[in-house]
Amino acid sequence: MQDIAFLSGGQGKDNAWIITFPENCNFKCIPEEVIAKVLTYLTSIVRQNEPNSQFTLIVDRRLDTWSSLKISLQKISASFPGNLHLILVLRPTSFLQRTFTDIGFRFSQEEFMLKLPVVMLSSVSDLLTYIDDKQLTPELGGTLQYCHSEWIIFRNAIESFALTVKEMAQMLQSFGTELAESELPDDMPSIQETLALRAERYHLLKNDITAVTKEGKILLTNLKVPESEGAVSSSLERHQHISGDWKTINKLLAQVRDMETAFDGFWEKHQLKMEQYLQLWKFEQDFQELVTEVELLLNQQAELGDVTGSITQIKQKLKQLESLEENSQDLLSKAQFLTLHGHRLAANHHYALDLICQRCNELRYLSDILANEIKTKQIQLSRTFKMHKLLQQALQCCDEGECLLANQEIDKFQSKEDVQKALQDIENFLEMALPFINYDLESLQYEFDVILSPELKVQMQNVQLKLENIRSIFESQQAGFRNVRDKHVRPIQFMVPTPENVMPSRVQFFSPKPGKKTWRQNQSNLKIQVVHDCREKRSPGQSSSLDNDNSLDIIKKHVLNELIQTERVYVQELYTALLGYRAEMDNPKMFDLMPPLLRKKKDVLFGNMAEIYDFHNNIFMSSLENCSDAPERVGLCFLERKDDFQIYAKYCQNKPSSEAVWKKYSECAFFKERQRKLNHRLGLDSYLLKPVQRITKYQLLLKELLKYSKDSEGFTQLQEALDTMLDLLKSVNDSMHQIAINGYIGNLNELGKMIMQGGFSVWLAHRKGATKMKDFARFKPMQRHLFLYEKALVFCKRRTETGEGSDRYPSYSFKHCLKMDEVGITEYVKGDNRKFEIWYGGKEEVYIIQAPNIDVKMSWLKEIRNILLKQQELMAVKRQMQQDQVTEHNQLSPQQNDEDPCRIWLSYIDEATMSNGK
């Protein structure tokens with residue numbers, strides 16, 4: 001506004017932009033910093049479009065003095081910020097000042113020429129030598145029109161527009177940041193309300209962008225560029241165009257367009273992500289509800305898994321299972337529909353693609369489990385019901401036989417015809433009972449082996465014994481009637497024996513194969529007497545001899561016999577594998593049948609099987625056999641040898657390497673030849689699996705013994721033995737997982753005993769607070785396998801491998817380790833009762849852990865709490881010991897302190913060092 005200098009828009013012959021310093025008598029009074037600001041501003045306008053621009057200065061001092069001119073040149077020299085091409089000075093026109101100027105410039109010319117390219121001009125016409133008249137304003141003899149007030153108005157408009165564009169960019173950036181950083185609500189209505197508010201703000205910002213664009217276009221219209229160099233619409237337009245204002249406005253408008261395009265793109269992506277978030281929210285809710293219903297049905301069908309009980313109870317379970325199956329069909333349809341919905345979301349490139357695919361896989365897995373479990377239960381219950389019906393029919397057959405025998409009184413057989421009729425009745429009965437009497441034992445056991453509980457086995461044995469007795473009596477009766485028929489003598493009537501009259505014997509189920517007359521061996525055990533009255537048929541409420549024999553002692557003895565017999569078979573199988581294969585690998589006659597490398601892999605292939613065989617053959621089997629008449633000692637037998645069972649951990653840890661060797665060499669001629677010589681139906685790999693199968697079989701047999709040993713002697717030892725074997729299995733299983741950890745720097749054994757291990761879904765947050773929009777990655781959980789040690793919690797990733805045995809022997813990549821002395825837990829996380837939090841380092845890191853089910857979560861929380869409590873107790877004991885030591889030192893006598901102050905001072909140093917943990 002002071003008109004210190006102005007940028008007219010003209011250019012010199014060298015395309016240097018012209019800055020004019022008009023006649024200003026007060027120039028020498030203007031502070032140098034003000035001049036610097038003006039020149040910086042004017043030159044920056046040009047440099048916005050042409051960074052390497054040159055400048056020509058016209059200093060009009062025709063009415064001024066030499067002293068003022070000299071000061072002006074000095075200030076310009078000190079303040080000009082650009083590339084100065086030339087200074088044209090219109091010197092003072094008065095005679096005296098012109099003389100002073102000529103003299104002063106002559107003496108100062110060398111100084112000025114070194115600092116500034118100065119040319120002294122005597123008149124305006126001299127300017128035309130350096131600058132065309134079209135580039136000069138009228139007061140300098142040119143035709144370029146320039147109005148300083150209008151220039152200021154337009155510059156203010158341009159600057160205001162630029163500031164508006166900048167503020168708009170900041171508003172858009174702020175809105176985008178707010179969208180990214182804002183907290184997500186916890187319920188669907190709140191999310192929808194938040195989306196509506198954001199959409200409203202989006203439309204308001206769009207309106208602001210439209211208004212800014214309109215403002216820029218108005219400015220651009222006033223600064224419209226001519227179509228050709230010669231077609232100038234107005235002098236003002238020409239002036240503004242040359243000064244670069246049109247380019248500035250156009251550039252700002254382009255920035256607005258780019259911002260709008262980017263903002264629309266961001267909003268579109270944001271809206272898509274929010275819509276997908278709502279879809280995921282609804283999908284997750286439906287998934288959790290469906291999983292809850294499936295788990296409920298699985299729990300209900302699991303309650304029907306016990307195949308023991310009477311035929312009425314089995315029939316009732318079948319009806320309940322049928323009802324569950326009807327409910328499961330609806331549930332499976334829902335699961336299939338939700339799976340298809342998940343596939344549609346995945347096909348539409350949902351951001352949580354991996355999570356949705358995982359959920360769909362879980363639904364398919366749960367659906368298959370539910371369908372298979374119900375189908376399996378139906379088969380088991382149906383077979384159990386069939387077995388009960390078979391036993392019931394067999395008992396009914398026995399009752400009819402007893403009644404028939406009782407009705408064949410002696411008085412009725414006075415004639416040969418009566419005897420013949422009695423014989424015919426017996427033959428008819430034996431023909432009717434033939435399916436039960438001659439039922440093939442092996443077929444029956446093969447058909448019902450899976451569902452044969454100890455109770456059913458005892459019932460089968462009792463029914464078998466009764467059928468055998470009935471058959472033997474009928475055959476004796478037949479022989480007697482034939483004698484009567486042939487010799488006409490009175491027959492001897494046989495009484496049906498009670499179970500107490502029959503000596504127990506090791507008999508097969510139902511009957512031996514046809515042709516073996518075992519009834520003669522038992523005939524001496526039958527009590528012969530005349531029976532005149534028919535035995536009443538068994539009523540439903542009447543207790544039978546079968547019920548009396550179905551005692552816990554018989555069942556327990558049966559389980560114990562199974563334990564001992566299977567132990568003998570197991571030892572024999574180990575012996576066969578070691579003698580038939582391992583020993584033969586050292587036989588020179590077999591070397592031609594083996595690859596050379598295979599002989600070196602013998603110890604890897606068999607592991608410590610020889611050690612296991614020695615333990616069972618020399619120690620454990622004899623201990624079990626000593627318990628055959630003393631079931632109460634079985635638990636103690638296991639407890640006394642619990643340390644010896646640790647040899648199985650070594651065998652199982654070697655099993656992956658063993659199977660790798662077998663897979664590589666299983667087709668070699670040596671193994672085929674030995675299998676042929678040994679007449680084995682199965683290959684060596686089945687024998688190598690025997691120790692793994694055996695160590696899992698013990699706990700099942702101990703559970704059966706424990707089930708029928710309540711309130712019996714040795715129950716406590718039996719329970720401890722079961723716990724010991726379960727702990728051993730867990731320890732072996734954990735060690736199998738631990739040896740598969742790769743990438744851990746250090747020794748895992750230094751972390752203490754492994755307490756638990758298992759797979760979880762894990763989310764990670766590095767700060768406190770709710771979920772942010774920018775943290776969408778958290779909706780895709782990490783699948784981690786956690787190993788809980790006494791001193792640390794280790795995070796690993798289960799490696800996906802293909803090929804045979806990859807599921808049996810997993811592999812883990814180490815990811816992270818948390819020291820337990822810096823860990824804290826939050827037991828409940830809002831939204832899912834399977835989740836809990838593990839936070840580390842004062843909640844700088846928070847791990848959200850989702851367990852497969854609530855039981856797994858509670859068991860992990862229990863063990864973590866125990867570890868943390870033990871740490872607190874150890875810290876309390878340590879603090880108390882330190883306090884006791886300080887108290888002891890404080891109680892030292894003054895004499896002792898005077899005698900040896902150095903020793904006491906060193907003691908306090910030791911305490912301080914101890915308290916710092918060094």
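Everything numeric here is computed off the predicted structure, so don't read it as measured data.

### Section: the overall build of the chain
- For the chain, the count of helices and strands is 27 helices and 13 strands.
- Here the chain holds 918 residues, and 43% of them are scored as buried.
- Looking at the chain alone, contacts between residues at least 24 apart form 75% of all its contacts between residues at least 6 apart.
- Total accessible area on the chain stands at roughly 50,100 Å², and carbon and sulfur atoms take up 52% of it.

### Some details on the environment of Asn608
- Structurally, the position occupied by Asn608 is in the loop between α17 (602–606) and α18 (609–625).
- The exposure class assigned to Asn608 is buried, which follows from its relative accessible area of 6%.
- The spacing of Asn608 and Ile647 is 39 residues in sequence and 7.7 Å in space, taken between C-alpha atoms.
- Those residues within four positions of Asn608 in sequence are excluded, and the remaining contacts are Ile647, Lys650 and Tyr651.

### Some points on the sheet that holds strand β2 (residues 17–21)
- The five strands are arranged β1-β2-β3-β4-β5 in an open sheet whose pairing can be described as mixed. Because the sheet does not close on itself, it has two edges, and the strands there are β1 (6–11) and β5 (118–121). Neighbouring strand axes in the sheet, compared pairwise and without regard to direction, differ in orientation by 25° on average.
- As judged from the three bridges shared by β1 and β2, these two strands associate in the antiparallel manner. Bridge pairing links Leu7 to Ile19 in β2.

### Here we look at the packing of helix α4 (residues 148–181) against helix α7 (residues 245–303)
- Their axes nearest at 11 Å, the elements α4 and α7 cross at an angle of 15°. The orientation of α4 relative to α7 falls into the category roughly parallel. As for how α4 packs across α7, the hand of that crossing is left-handed. Of the residues in α7, those in contact with Arg155, Ile158, Phe161, Ala162, Val165, Met168, Ala169, Leu172, Phe175, Gly176 and Leu179 of α4 are Asp245, Thr248, Ile249, Leu252, Leu253, Gln255, Val256, Met259, Phe263, Phe266, Trp267 and His270.
- Tallied by class, the residues present in the contact of α4 with α7 amount to 17 nonpolar, four polar and two charged.

Cut-offs applied
Residues numbered from 1 in each chain as written. Predicted model: local features only at pLDDT ≥ 70, side-chain atom pairs only at ≥ 80, totals over all residues. Heavy atoms only, no water. Helix = DSSP H or I, 4+ residues; strand = E, 2+ residues; numbered from the N terminus. Buried < 20%, exposed > 50% of the residue type's maximum accessible area, 1.4 Å probe, protein only. Contact = heavy atoms within 4.5 Å. Areas by Shrake-Rupley, 256 points an atom, 1.4 Å probe, with all protein chains shown as cover. Pairing = 2+ DSSP bridges. Axes fitted to C-alpha atoms, helices over the stretch in contact; angles between N-to-C directions. Parallel < 35°, antiparallel > 145°, perpendicular 65-115°, else oblique. Left-handed = near helix turned anticlockwise from the far one by under 90°. Nonpolar A, V, L, I, M, F, W, Y, C, P; charged D, E, K, R; others polar.

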